[in-house]
Amino acid sequence: MNVSVTINGAVRSADVEPRMLLTDFIRGTLGLTGTHVGCDTSSCGVCTVLLDGVPAKSCTIFAVQVDGRSITTVEGLKQNGQLSPIQQAFHEEHGLQCGFCTPAMMLVGTALLEENPNPTDDEVRWAISGNLCRCTGYMNIVKSIQAAAAMKSEEVSA
Amino acid sequence: MTTTAEHTPKTTAEVGGLGHSRRRVEDARFIEGRGNYVDDIVLPGMLHMAIHRSPLAHARILSIDTSEASAVEGVIAVVTGELLAGYNLAWMPTLSGDTQAVLATDKVRFQGQEIAAVIAVDRYIAQDAADKIVVEYEELEPIVTPQRSLEADAPLIRDDKEGQDTNQCYIWESGDKEATDAVFAKADKVVDLDTFYPRSHPSPLETCGIVADVNSATGQATLYMTSQAPHAHRTVFALVAGLPEQNIRIVSPDIGGGFGNKVPVYPGYVVATAASLVIGQPIKWVETRYENLISTGFGRDYHMHGEMALSNDGKILGLRVDMLSDQGAFFSDAQPTKFKAGLFHIVTGSYDYPVAHVTTRGAYTNKAPGGVAYRCSFRVTEASYMIERLVQNAAYEIGMDPAEFRRKNFIKKDQFPYLSPTGFVYDSGDYEAALDLAMEMVGWDEIQKEKEQARAEGRLVGIGLASFTEVVGAGHGDDYDILGLRMFDSAELRIHPTGKAILKLGVRTQGQGHETTFAQIVAEELGIPASDIKVVEGDTDNTPYGLGTYASRSTPVAGAATAVVSRNLREKARKIAAHLLEASEDDLEWEVGKFFVKGDRDSSVTIQDVAFAAYTNMPEGVEPGLEGVHYYDPPNMTYPFGSYVVVVEVDPDTGQWKVRKMVAVDDCGVRINPMIVEGQIHGGLTEGFAMSSMQYITFDEQGNCIGANFLDYLIPTAWETPRFELGETVTPSPHHPIGAKGVGESATVGSPAAFVNAVVDALWHLGVRNIDMPVSADRVWAAMEEAKA
């Protein structure tokens, strides 16, 4: 079956088996390996992408289901050669260690800040509670997302 | 909040030596999705492998029918144990010197055991075909507890091993039994504790995997593997597969977390390599999460009984511990040869008493093999839990405040180096300082008042303390080895003509930030800015031999090697500087980054000037170049320590408990990069919380694994995970070149006892004396009900 998606702003299409998972489509067919796979039960969230701006676990969606839709992966966060505030903040606040959960965490954080530009500690924790991290204990991930919020609001006021 | 000791780095932020919270070099690729993990590797002509696993825990294999699987379109080959036996590869050695089936030929010995593998053109087809393999079994009694395993009438699990006529895997003891028994016979009081540290799994978010690429023309095997120990693995592959070691290159690319899970060699690695050798094409095998949890290296599974002899005034007189370890079907810990239960005999903890005796027994069961040091230095986690739980119960039984009881029994600051009753030489410590700081940070007196107040209102508040001592950084090589390989580590430093450098190490980072911190050690020693130093690890063709990253050994061992090789090059640089300054070497003084002539600070050369001269203008009789390698065999291990305080509130109706406050004071000696150290502690505390509250693997009586997916095996999310407040004291290691001790695992070692002590403290007045981990709400509720009855 033919699937056509807009991924990180570019239109890509391919012929795929109906059973192909979106994760495999993104990683294998499109070669965007920043999206990861960490479990078989939609529990860990490292495969999260933004589907029309909303976080979605790509291991739980067939590629054919997203025909015609718009996807953002970690590779799409950098704009015009500039790291996004969330990318800068994860680096500055030591929000990552092994890096495996990081793309998903940053995408969920990006979507959260679109909806809620100034989230509390609890609000960030609730937003990322579908995503596991084994390295950081979440402390610095929360800090990173809040720092990105501060960065963005400075950008707006500047 | 963080309470930190004074950090006054010797170097500027631009140089970025010790004590700078330098931002991480490795972040750049990860935040752009440009990391390179094993599953990201795609090679031309690459095939995919899937494994057929046993649904039964213990059964004789009567037949294996692969015909239907072979007939699936796209299948290239089906590999069975019988086929591997033709290459003498049906069995392999474990890192503990036992044997393990690669693909089962005679019996299956645990649920999830590897039986056959399918190689196909894509992963979906490989999995389809693997499901079509039909195995006929004769079921045998599954043995799911070590107690049953050791009964005389228990069926023999390891009937493959000559001379193995029981299910006992090992028995080992440490300390002086006679002297200890004599002390116990005369003690005023003996307090005991039975506790079980359940089976847990490191479950890094990236599962294990390999891309095996054996070039049939050249015989070169390039193995991209999730390996915490690429050099040791290369040697094992050379021994197992009979491949010449120079033709094996192990590349351990970016690793998505390890925590001990990526130390063993797994059957899947061996099968993929053998299949690539035979088929002549690259083969990828990446575990599913189910495969990772059901078959690869678990941690813990220790049944422990401890007894403490006490005097009436609260002095510890001696310790007796009897431990039974559930090893699963194969003994595949990665233990030093001499120590069957790893470093469990450090169970005497942070306290000073003259005698102890420890007996450890290991038993085979029909469960997955492993017993890896899960974020732990060879079983020190179980030891620390045992002593810190026992100490709290002993304090209450004797009627003392647990903090006072600890203080009274601590090894004192001036007693170091301290010889423990089981033979460890603790390098340095100041346990009271760490405890003082933790109590001050948590507001000890106020929190005690709050606890009393809460109790008066019918609420249950508990305070738990743990003052742990860890032992990390194995060797020395005389005492510590893996399969005979001495536990040294190495660093190779090459300073290029322009003064930039490359540092190559035998260890392998899995998120600890080596690319950032090891450059800081060189920066400190040579004054070359850390940003001018590239750190390379994880490629056996391009790095010096080392034993790998686990047991918190990278900083204590490879970090020391890095400091020493830097100092060696500084001495060579001195000769060149003397030549450039036309002065005698003895007249030169060093300050970070340059040599100058004593009394004439204007006559100086920088390390960069010297580097250029090393390739362009050498003094006579000195070898050109500015490069070196150092293999560091540590004189002793290092002993990080800390004091953790947890405050919980337990719901008296449901047994649910919440952490109200957690303070963690760590002393890991000199901190190379405080930001990274704190990140390591956050992560370690979270895994400690996980184990104490929710994370464990269990089995039903048929040997079915309960916990082979993330719906049954619970890992805390950000929502459940407590907030942590960190504090720090600094007691340098006297024998480490930069005084560092290692920190990756301290928090996982120290914190579980603090969490459990807090919950038990909340319920002590009700009569509750122990709840085994995970301390889930239903267990708390049941303990309260039992105490009422």
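Being a predicted model, the structure only gives us computed values, none of them experimental.

Conventions used here
Per chain, residue numbering runs from 1 following the sequence as it is written. Just so you know, chain letters begin at A and ligand numbers begin at 1, following the order they were written in. The model is predicted, so local features are restricted to residues of pLDDT at least 70 and side-chain atom pairs to those at 80 or more, both for listing and for counting; the totals for chains, interfaces and linings are taken over all residues. Heavy atoms from the whole structure form the basis of all side-chain values; hydrogens and water molecules are not counted. By definition, any uninterrupted DSSP run of H or I lasting at least four residues is a helix, any uninterrupted run of E lasting at least two residues is a strand, and each is numbered from the N terminus. DSSP bridges decide pairing: two strands pair if at least two such bridges lie between them. An axis is simply a line fitted to the C-alpha atoms; with a helix, the fit covers only the stretch in contact. Between two such axes, the angle follows the N-to-C directions and lies from 0 to 180 degrees. The contact definition used throughout considers only heavy atoms, calling two residues in contact when any of these lie within 4.5 Å. For this document, the term salt bridge refers to a Lys or Arg side-chain nitrogen within 4 Å of an Asp or Glu carboxyl oxygen. Counting of polar contacts relies on pairs of N or O atoms within 3.5 Å, with two restrictions inside protein: one atom must be capable of donating a hydrogen and the other of accepting it, and residues adjacent in sequence are counted only when both atoms are side-chain atoms. Classification used: nonpolar for Ala, Val, Leu, Ile, Met, Phe, Trp, Tyr, Cys and Pro, charged for Asp, Glu, Lys and Arg, polar for all others including Gly. The span expected for a helix works out to 1.5 Å for each residue beyond the first. Each residue is placed in one exposure class: buried if its accessible area under a 1.4 Å probe, protein chains only, is under 20% of its type's maximum, exposed if it is over 50%, and partly exposed if it falls in between. In this document the domain limits rely on a domain assignment from an automatic tool or a database. Defined here as a combined quantity, buried area equals the accessible surface (1.4 Å probe) lost by two parts on assembly, summed across both. A patch consists of residues exposed above 30% relative accessible area that lack any salt bridge, with like charges linked at up to 9 Å and nonpolar side chains (Val, Leu, Ile, Met, Phe, Trp, Tyr) linked at up to 5 Å. Surface exposure here means Shrake-Rupley accessible area, sampled with a 1.4 Å probe, where a residue is shielded only by the protein chains that are shown. Comment on the angle field: the value is read as roughly parallel under 35 degrees, roughly antiparallel over 145, roughly perpendicular from 65 to 115, and oblique elsewhere. We call a crossing left-handed when the near helix sits turned anticlockwise from the far one by less than a right angle, and right-handed when that turn is clockwise.

(A) Representation of unusual backbone geometry in the model. Residue and element names in this part refer to chain B. Geometrically, the link from Phe416 to Pro417 is a cis peptide bond, its omega value of -5 degrees lying close to zero. Within the secondary structure, Pro417 is located in the loop between helix H11 (402-409) and strand E19 (418-419). Note that the residue after Met773, namely Pro774, is joined by a cis bond; omega there is -10 degrees. Take Pro774: it is sitting in the loop between helix H18 (746-763) and helix H19 (777-788). The backbone of Asn88 sits at a positive phi, close to 60 degrees, despite the residue not being glycine. As for its position among the elements, Asn88 is in the loop between helix H3 (81-85) and strand E5 (91-93). At Phe378, a residue that is not glycine, the phi angle is positive and equals roughly 50 degrees.

(B) Quick peek at the sheet that holds strand E10 (residues 168-175) of chain B. Residues and elements named next belong to chain B. Spatial ordering of the open sheet is given by E10-E18-E17-E16-E11, a layout of five strands whose pairing is mixed. Single-partner strands in this sheet number two, and they are E10 and strand E11 (189-200). With strand direction ignored, the average angle separating the axes of adjacent strands in the sheet is 10 degrees. As paired elements, E10 and strand E18 (residues 355-364) share seven bridges and run antiparallel to each other. Residue pairing across strands places Ser174 opposite Val358, the latter belonging to E18.

(C) Structural detail: the interface of chain A and chain B. With 50 residues of chain A at the contact, the number on the chain B side is 52 residues. On inspection of chain A and its partner chain B, the count reaches eight salt bridges. The residue Glu32 of chain B makes a salt bridge to Lys78 of chain A at a minimum N-O spacing of 3.1 Å. Inspection of the chain A/chain B interface yields 28 residue pairs in polar contact (both at pLDDT 80 or more). For the side of chain A that touches chain B, the class distribution of residues is 22 nonpolar, 16 polar and twelve charged.

(D) Representation of helix H8 (residues 267-279) of chain B in the model. All names here are of chain B. The end-to-end C-alpha distance of H8 is 18 Å, a good match for the 18 Å that 13 residues give at a rise of 1.5 Å each. The element H8 is extensively covered by neighbouring structure, given that ten of its 13 residues are classed as buried. Inspection of H8 places Pro267, Gly268, Tyr269, Val270, Val271, Ala272, Thr273, Ala274, Ala275 and Ser276 among the buried residues, and these make up the whole buried set. Positive backbone phi, at 85 degrees, marks Gly280, one or two positions downstream of H8.

(E) Main features of the domain arrangement of chain A. Residues and elements named next belong to chain A. Its domain assignment divides chain A into domain 1 (2-74) and domain 2 (85-153). Relative to domain 2, the C-alpha centre of domain 1 lies at a distance of 21 Å. Contacts between the two partners involve 16 residues from domain 1 and, on the opposite side, 13 residues from domain 2. Note on domain 1 versus domain 2: buried area summed over both sides is about 1,100 Å², and carbon and sulfur give 69% of it.

(F) Spatial organisation of a nonpolar patch on the surface. Together, Leu83, Tyr87, Leu277 and Val278 of chain B give the surface a local cluster of nonpolar side chains, amounting to about 390 Å² of exposed area. The residue Val278 of chain B is located in helix H8 in this model.

(G) Layout of the pairing of strand E2 (residues 47-53) of chain B. Residue and element names in this part refer to chain B. Burial of E2 is extensive: seven of the seven residues sit out of reach of the surface. Pairing between E2 and strand E15 (residues 283-286): two bridges, direction parallel. Across the sheet, residue Leu47 finds its bridge partner in E15, namely Ile283. Relative to strand E8 (residues 114-120), E2 runs antiparallel, the two being bridged by six bridges. Its bridge partner lying in E8, His52 is registered against Ala116.

(H) Region of the structure containing the sheet that holds strand E3 (residues 59-65) of chain B. Residues and elements named next belong to chain B. Sheet architecture is open: three strands sit in the order E7-E3-E9, paired in antiparallel fashion. Of all strands in the sheet, those with a lone pairing partner are strand E7 (107-108) and strand E9 (134-139), marking the two edges. The sheet contact formed by E3 and E7 spans two bridges and is antiparallel. Residue pairing for E7: Arg60 is matched across the bridge by Lys107.

(I) Up close: the packing of helix H2 (residues 85-92) of chain A against helix H5 (residues 139-157) of chain A. Residues and elements named next belong to chain A. Between H2 and H5, whose axes approach to 8 Å, the crossing angle comes to 135 degrees. If you check the angle between H2 and H5, you find them oblique. Taken as a pair, H2 and H5 cross one another with a handedness that is right-handed. Across the interface between the two elements, Pro85, Ile86, Gln88, Ala89 and Phe90 from H2 touch Ile141, Ser144, Ile145, Ala147, Ala148, Met151, Lys152 and Glu155 from H5. Looking at the contact of H2 with H5 residue by residue, the classes come out as nine nonpolar, two polar and two charged.

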